[in-house]
Amino acid sequence: MKIDIVSIFPSYFDPLELSLLGKAAQNKIVDVEVHDLRSVTTDVHKSVDDTPYGGGAGMVMTPEPWGAMLDSLMGDDSWLIVPSPAGVRFSQSLAHEFSAAAHLVFACGRYEGIDQRVMDHYGERHRVLEVSLGDYVLNGGEVAALAMIEATVRLIPGFMGNPESLVEESHESGLLEYPSYTKPRSWRGLEVPEVLLSGNHEAIRRWREDQSRERTSRVRPDLLGD
């Protein structure tokens with residue numbers, strides 16, 4: 001998979017070089033490149049924003065630099081992903097969709113967002129999605145892009161050392177993941193549930209399933225749809 005990221009703060013994406021993401025890049029599982037939007041500006045101030053038509057607070061990112069940058073990145077099979085609090089909510093199912101794409105381009109807006117004509121223009125020839133990380137507002141799209149990229153790339157075959165670990169995670173089955181335990185058996189007066197020490201795989205499976213459903217009912221009842 002090829003991932004291009006456009007931002008006025010490219011150093012935000014230094015964490016992509018760490019841990020499993022960094023190893024995935026080294027192993028050519030994913031090719032990530034970060035681009036500075038200001039590098040394509042033509043004025044001495046490297047301006048990327050201006051006041052909004054119709055008035056209002058804040059500034060809007062102008063279409064010219066975005067057009068110059070995206071024209072050089074977008075191909076026939078490219079998806080343009082724009083992190084935005086006004087977008088569809090990101091989910092595990094959407095991460096699966098992203099992981100099947102050949103090329104993702106993340107456009108990280110700032111201020112009051114990107115001029116709508118950028119999304120409209122590229123939407124005529126490409127799949128364009130405005131995506132929200134959740135029901136809150138961030139200062140820009142970088143944090144959301146990082147989260148989406150990590151959730152997406154870990155689904156690519158070869159990324160995880162043990163692919164079975166993906167199956168039992170929260171949201172894969174529509175439920176939250178069951179609680180996990182490791183050594184020591186007793187810690188500060190708290191014990192590991194006996195069923196996990198029993199060696200009875202069927203009993204453990206049932207316990208984990210019950211725990212997942214109980215946790216989902218308590219923490220995220222909206223996921224059950226009952």
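Quick notes on the rules
Residue numbers here run from 1 along each chain, matching the order of that chain's written sequence. Since the coordinates come from a predicted model, pLDDT governs what is reported: local features require at least 70, and pairs of side-chain atoms require 80 or more to be given and counted, while whole-chain, interface and lining totals use all residues. By convention in this description, side-chain values take in all heavy atoms of the structure and omit both hydrogens and water. Each cavity reported here is a set of points on a 1 Å grid over the protein atoms alone in which a 1.4 Å probe fits but cannot get out, each pocket an open set with protein on both sides within 12 Å along at least five of seven lines, and each lining residue one with an atom within 4 Å of a point. Grid points are joined across faces, edges and corners, and a volume is the space filled by probe spheres set on the points. Note on conventions: DSSP H or I runs of at least 4 residues are helices, E runs of at least 2 residues are strands, and numbering of each starts at the N terminus. Within 6.5 Å between ring centres, the rings of Phe, Tyr and Trp (the latter by its six-membered ring) count as paired, and their orientation is classed by plane angle as stacked under 30 degrees, edge-to-face over 60, tilted in between. In this scheme, a residue with accessible area under 20% of its type's maximum is buried, one over 50% is exposed, and one in between is partly exposed, where area comes from a 1.4 Å probe on protein chains only. Two conditions define a charge located above a ring, namely a distance within 6 Å from the ring centre to NZ of Lys or CZ of Arg, and an angle within 35 degrees of the ring normal. DSSP calls a pair of strands paired once it identifies at least 2 bridges connecting them. With axes taken as lines fitted to C-alpha atoms, and helix axes fitted only over the stretch in contact, angles between N-to-C directions fall between 0 and 180 degrees. It only takes one pair of heavy atoms within 4.5 Å for two residues to be counted as in contact. Polar contact criterion, stated in full: a pair of N or O atoms within 3.5 Å, where within protein one must be able to donate a hydrogen and the other to accept it, and residues adjacent in sequence count only if both atoms are side-chain atoms.

Below, the discussion takes up the layout of surface pockets. Its boundaries defined by the atoms lining it, the largest pocket holds a volume of some 420 Å³. Considering the residues around the largest pocket, the lining is formed by 25 residues, among which Pro83, Ser84, Pro85, Glu112 and Gly113 are closest to the centre. Mapped by element, the contributors of at least two residues to the lining of the largest pocket are β5 (78–89), α4 (116–123) and β7 (127–132).

A few words on the packing of aromatic side chains. Going through the model one piece at a time under the given rule, you end up with 3 aromatic pairs. Centroid distance Phe90 to Phe98: 5.9 Å. Interplanar angle 35°. Geometry classified as tilted. When its relative accessible area of 15% is taken as the criterion, Phe90 is described as buried. Taken together, a centroid distance of 6.5 Å and an interplanar angle of 50° make the contact between Tyr181 and Trp207 tilted. Residue Tyr181 is located in the loop between α5 (142–153) and β8 (186–187), and its partner Trp207 is located in helix α6 (residues 201–219); the two are separated by 26 residues in the primary sequence. Accessibility expressed as a relative area gives 16% for Trp207, which makes it buried. In textbook terms, an aromatic cluster arises when at least three aromatic residues are bridged by ring pairs, as seen for Trp79, Phe90 and Phe98. Arg127 extends its terminal NZ or CZ atom over the ring of Trp79, reaching a point 4.4 Å from the ring centre.

This brings us to the sheet that holds strand β2 (residues 31–36). One open sheet holds the 5 strands; their spatial order is β2-β1-β6-β5-β7, and the pairing between them is parallel. Looking along the sheet, the strands with just one partner apiece sit at the ends: β2 and β7. The mean inter-strand angle of the sheet, taken between neighbouring strand axes irrespective of direction, is 25°. In the sheet, β5 pairs with strand β6 (residues 103–107) via 4 bridges, with the strands oriented parallel. When the bridges of β6 are listed, Trp79 appears paired with Leu104. In this fold helix α2 (residues 63–73) packs onto β1 (2–7), β2, β5 and β6, with an angle of close to 170° to the strand it touches most, β1.

A few words on the side chain of Arg110. In this fold, Arg110 is placed in the loop between β6 and α4. Judged by relative accessible area, which is 11%, Arg110 ranks as buried. Within the structure, Arg110 has its side chain in polar contact with the side chain of Glu142 (distance 2.9 Å). Other than its neighbours up to four places away in sequence, Arg110 contacts Ile8, Phe9, Tyr12, Met61, Asn139, Gly140 and Glu142.

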